[in-house]
Amino acid sequence: YNVRGLARFELADYELAVSDFSEAIRREKSFAELYGNRGVANLMLNRDREAQDDLARCYELEPDLRSTYEPLAEDARSKRRRVASSSPPPRTTSGN
């Protein structure tokens, strides 16, 4: 499930990536990278609270992974900001 989640993440299918990482975590609760992967995918879905919880659990299990996942998390935040700033404004409908 982790490999499939990573593939889905690369395809920008973050919802299914989170689902796969969650299933992998259900099967192996002590694998820190799974929490890091799900945390970054949650960031891409604007689920900051869930992302923070996942990343905290990742670092709790494997403190050395902070140097791996912090740059990935910052990259995800940057991508999210770029997408938000390049999105067209929402359309408004007239009452006609």
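Residues numbered from 1 in each chain as written. Predicted model: local features only at pLDDT ≥ 70, side-chain atom pairs only at ≥ 80, totals over all residues. Heavy atoms only, no water.

(A) Broad picture of the overall build of the chain. Helix and strand counts for the chain stand at 5 helices and 0 strands. The N-to-C order of helical and strand elements in the chain reads α-α-α-α-α. In the chain, the share of contacts with a sequence separation of at least 24, taken over all contacts with a separation of at least 6, comes to 45%. Carbon and sulfur atoms provide 50% of the accessible area of the chain, an area that totals close to 6,400 Å². (Helix = DSSP H or I, 4+ residues; strand = E, 2+ residues; numbered from the N terminus. Contact = heavy atoms within 4.5 Å. Areas by Shrake-Rupley, 256 points an atom, 1.4 Å probe, with all protein chains shown as cover.)

(B) Looking closely at helix α3 (residues 32–44). For α3, with 13 residues, the first-to-last C-alpha span of 19 Å sits near the 18 Å given by 1.5 Å per residue. Of all 13 residues in α3, 12 are buried, a share of seventy percent or more. Considered for burial, the residues of α3 that qualify are A32, L34, Y35, G36, N37, R38, G39, V40, A41, N42, L43 and M44. Those residues of α3 that are buried are in contact with α1 (2–10), α2 (14–27), α4 (48–61) and α5 (66–86). Downstream of α3 by a residue or two, N46 has a phi angle that is positive, lying close to 60°. (Expected span 1.5 Å × (residues − 1). Buried < 20%, exposed > 50% of the residue type's maximum accessible area, 1.4 Å probe, protein only.)

(C) Up close: the packing of α3 against α5. Remark: α3 packs on α5, axes separated minimally by 8 Å, with the N-to-C direction vectors making an angle of 15°. In terms of their interaxial angle, α3 and α5 are classed as roughly parallel. α3 and α5 meet at a crossing whose hand is right-handed. Along the contact surface, α3 presents E33, G36, N37, V40, L43 and M44, while α5 presents Y69, L72, A73, A76, R77, K79 and R80. Taken together, the residues that form the contact of α3 with α5 break down as 7 nonpolar, 2 polar and 4 charged. (Axes fitted to C-alpha atoms, helices over the stretch in contact; angles between N-to-C directions. Parallel < 35°, antiparallel > 145°, perpendicular 65-115°, else oblique. Left-handed = near helix turned anticlockwise from the far one by under 90°. Nonpolar A, V, L, I, M, F, W, Y, C, P; charged D, E, K, R; others polar.)

(D) Here's a closer look at the packing of aromatic side chains. Under the defined criterion, the tally for this structure stands at 1 aromatic pair. Ring geometry for F9 and Y14: centres 5.0 Å apart, planes at 65°, overall edge-to-face. For the pair F9 and Y14, a shared accessibility class is recorded, and that class is buried. (Phe/Tyr/Trp six-rings, centres within 6.5 Å; stacked < 30°, edge-to-face > 60°.)

(E) Inspection of the side chain of D20 at higher detail. In this structure, D20 sits in helix α2. Overall, D20 belongs to the buried group, its relative accessible area being 3%. Among the polar contacts made by the side chain of D20, one reaches the side chain of R8 at a distance of 2.8 Å. (Polar contact = N/O pair within 3.5 Å; in protein donor to acceptor, adjacent residues only side chain to side chain.)

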